[in-house]
Amino acid sequence: MTEHTKVDHSSDNLDDTMPSTPGPTVLEKSKPRNAKMAANKVECNACPVLCQITEGRTGACDRWGNVDGVLTRIDPVVIMRRPVGPPAPSALEAASPEQQADVGSVALAEDPETDLFVSGVGSGTTYPDYKPAPFIVSSKANGVDMVTVVTEGIFSYCSFKVKIDTDRYLGPEQSNIRHKGEIVGHVTTAEYGSQMLSLGGVHHLTGGSKKEGRVTCDMMMALGNKQAVELSIDGGAQLVVQAGKAPIVDGVEEKRMRVGCGSAAIGIFAKQWFGHADEVVVVDDHITGVLTEHQAGRCLDIPPSGIKMKGRKSTPGRYFQVANPGNGWGGTDISDPLSIIEGFDPEVAKPGLRLLITSTTGEHAEYFELDDALQPQRKPMPEPLQKTVDRIGENCEPSLASVLFLGGAGGSLRAGVTENPIWLTNSIKKALVNVTCGGAPAYIWAGGGITVMVDVMRMPDNSFGYVPTPAIVAPIEFSMKLEDYERLGGHIGDVQSISEVLAKANHRIINWVDPASPWPIAGKPVLG
Ligand code: SF4
């Protein structure tokens, strides 16, 4: 992304193998505000920047260009094809990006009206939004006339919520997160086996320096487009985060997401340890579990071991703060598991007591036996206990970085759908309108506005763009019955059939990205 407005870009993005189909009519008709604009320029009014673009060049966002004097959306609009039969197992495995190969040469589904979906990716925007959305497309579902309003929303109010599956300590809650030295977000809550990050947002896009806004916008677009992004947390770790890939923490690729907290691990595996160990400690930065004190151990009548733990006892067999957070055992800073044990009560403990200490992922585990002085001595791990440690590992899921886009679509964007925006908002709340982003199902937050949240892995690759205001451009589609669209004051005169879109618009057809996502028009699973 480059910092400037109202100047055009190079023509590098103009793909002369792509038919230059004019963009939406409303844009072609736009009249320049600047009467002195050179004759070989066109003014783009798809966003507030209003670039004046010289012939053969693109505007500041590289999305619109001047092709032979016509304002043209450079990328083709992405149309998605519903699978007509059960996908082959190989297709299921290749949910993205391989599955998104251009299938323009593949035979289309029998009926484009029911089996093709015009997504917002590459659809273009109209600014200001009182103009109809770029595509308002009719279709059919189960014999019912449907309509989908398709646009690329310009989101100033948006962010990415990132879930990092890791036990490792990433940094203090509320710490700033930086990208290329600029603050672009913060560490938020730790969840079950994962650390959450909040990245982007209007505060960083518009409330700081120009550089902060640009860097934030760059980072957000890359993250949404499933690219790897380097982040550093103040007082914490260096991260490489990519949607759908294992996070890299301080240069080490994370492998396992823990089976549960220390207490949960005790509950899950107590029976399997029974008879093979006299005490088991599961080290966890949040809740360390101790078998003999835990309810699971009591239920099995395992006698007390006399162990004395460091940290703060919460409830029986559950300890907080046994060590500091870090990249050692169970998300603590320890490398020696004995460092969290104060000792053994000589009134209770007996020489020869068998002690297993493991982390919540089984990546770290050691076995000890008490000597005559009640000091734990390291011993080779007995096979039955090694099996339980291996099973902890087996029960861990692969660590992933999950990236969810969160955007506010309750503003002027609604006017591109209807003349009375509150009707759209209310219809969405009543589930009369299905909201998708690049075909992916969007979760709509309760309360006011249309605040959508969507998993970027369910969207086509490269769904996100930007404008240099700065703001993020993201696809959004509103699907509903045609009769409901009429009722909510929709731009009925601008409805076009899918066949018209195929005939007129520069388009690209791809396979449906996520077989588990419901077909947006029918509201049913894609293969239903
Ligand atoms: S930044 Fe892009 S969308 Fe905005 S006016 Fe310029 S070319 Fe058009």
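For the structure itself, consult the block above.
Let me sum up the structure you'll find in this document. Quick caveat: nothing in here was measured; it's all calculated off a predicted structure.

With 57 residues, the main nonpolar core has L197, L231, F405 and F478 as its most contacted residues. Of the residues forming this core, the biggest block, six residues, is contributed by helix α5 (residues 210-224). Residues in contact with F478, not counting those within four places in the same chain, are V147, T148, V149, L413, V417, L424, I428, V433, N434 and V435. L338, F344, F368 and L374 belong to the second largest nonpolar core, which has 21 residues in total.

With that settled, consider the packing of aromatic side chains. All chains considered together, the criterion is met by eight aromatic pairs. Summarising the aromatic geometry, the rings of F160 and F464 are spaced 5.6 Å apart at their centres and angled 65° between planes, so their arrangement reads as edge-to-face. With F160 in strand β9 (residues 158-165) and F464 in the loop between β32 (451-455) and β33 (465-467), the pair connects residues that are 304 residues apart, well separated along the chain. Residue F160 is classed as buried on the basis of its relative accessible area, which comes to 0%. A centroid spacing of 5.9 Å and a plane angle of 45° characterise the contact between F269 and W273, whose relative ring orientation is tilted. With F269 and W273 both in helix α6 (residues 262-273) and four residues apart, this pair spans about one turn of that helix. Both residues of the pair, F269 and W273, count as buried. One aromatic cluster is present, built from ring pairs that chain together F155, F160, F405 and F464. Just above the ring of Y192 sits the side chain of R258; from NZ or CZ to the centre is 5.5 Å.

So, on to the environment of G244. On the secondary structure map, G244 appears in the loop between β14 (238-241) and β15 (248-249). Residues contacting G244, with those up to four places away along its chain left out, are L400, A401 and M457.

Here we take up the sheet that holds strand β5 (residues 77-81). The sheet built from three strands is open, its strands ordered β6-β5-β36 with mixed pairing. The sheet is open, and its two edges are formed by β6 (116-118) and β36 (507-511), each paired on a single side. Within this sheet the neighbouring strands show an average axis-to-axis angle of 30°, counted without direction. As paired strands, β5 and β6 are joined by three bridges and run antiparallel to one another. The residue of β6 that forms the bridge with R81 is L116.

Moving on, we get to the site of the ligand. In the vicinity of the ligand, the contacting residues are C44, A46, C47, L50, C51, G59, A60, C61, R63, W64 and P468. For the shell around the ligand, a count of residues per class yields nine nonpolar, one polar and one charged.

This brings us to the pattern of salt bridges. As enumerated under the stated definition, the model contains 20 salt bridges in all. Here E152 and R63 are joined by a salt bridge, their closest N and O atoms 2.8 Å apart. With a gap of 89 residues between them, E152 in strand β8 (residues 144-155) and R63 in the loop between β2 (52-54) and β3 (64-67) connect regions that are remote in the sequence. For E152, a relative accessible area of 4% translates into the label buried. Residue E254 is joined to R168 by a salt bridge in which the shortest nitrogen-to-oxygen separation is 2.7 Å. Of this pair, E254 sits in the loop between β16 (252-253) and β17 (256-257) while R168 sits in the loop between β9 and β10 (176-179), and the two are 86 residues apart along the sequence. The class for R168 is buried, based on a relative accessible area of 18%.

How each quantity is defined
Position numbers for residues start from 1 in each chain and track the written sequence from start to end. At least 70 in pLDDT is required for a residue's local features to be given in this predicted model, at least 80 for side-chain atom pairs to be given and counted, and no such filter applies to totals for whole chains, interfaces and linings, which use all residues. Side-chain numbers come from the whole structure's heavy atoms, not from hydrogens or water. For our purposes a nonpolar core is just a set of buried Ala, Val, Leu, Ile, Met, Phe, Trp, Tyr and Cys residues, chained together by side-chain atoms within 4.5 Å. For each residue, the accessible area found with a 1.4 Å probe, counting protein chains only, is set against the maximum for its type, and the residue is called buried under 20%, exposed over 50%, and partly exposed in between. Counting from the N terminus, the helices are DSSP H or I runs at least four residues long and the strands are E runs at least two residues long. Contact between two residues is taken to exist if any of their heavy atoms lie within 4.5 Å; hydrogens are not considered. For this analysis, a ring pair means two rings from Phe, Tyr or Trp (six-membered ring only for Trp) whose centres lie within 6.5 Å, classed as stacked if their planes differ by under 30 degrees, edge-to-face if by over 60, and tilted for the remaining angles. Counted as over-ring charges are cases with an Arg CZ or a Lys NZ within 6 Å of the ring centre that also lie within 35 degrees of the ring normal. Pairing between strands is defined by DSSP: at least two bridges between the two strands are required. Lines fitted to C-alpha atoms define the axes, with helix axes restricted to the stretch in contact, and inter-axis angles between N-to-C directions lie between 0 and 180 degrees. Here a residue is considered near a molecule or strand provided that any single heavy atom belonging to it is located within 4 Å of it. Classification used: nonpolar for Ala, Val, Leu, Ile, Met, Phe, Trp, Tyr, Cys and Pro, charged for Asp, Glu, Lys and Arg, polar for all others including Gly. By convention in these notes, a salt bridge is any Lys or Arg side-chain nitrogen within 4 Å of a carboxyl oxygen on Asp or Glu.

Everything listed is a geometric property; what it means functionally is a separate question.
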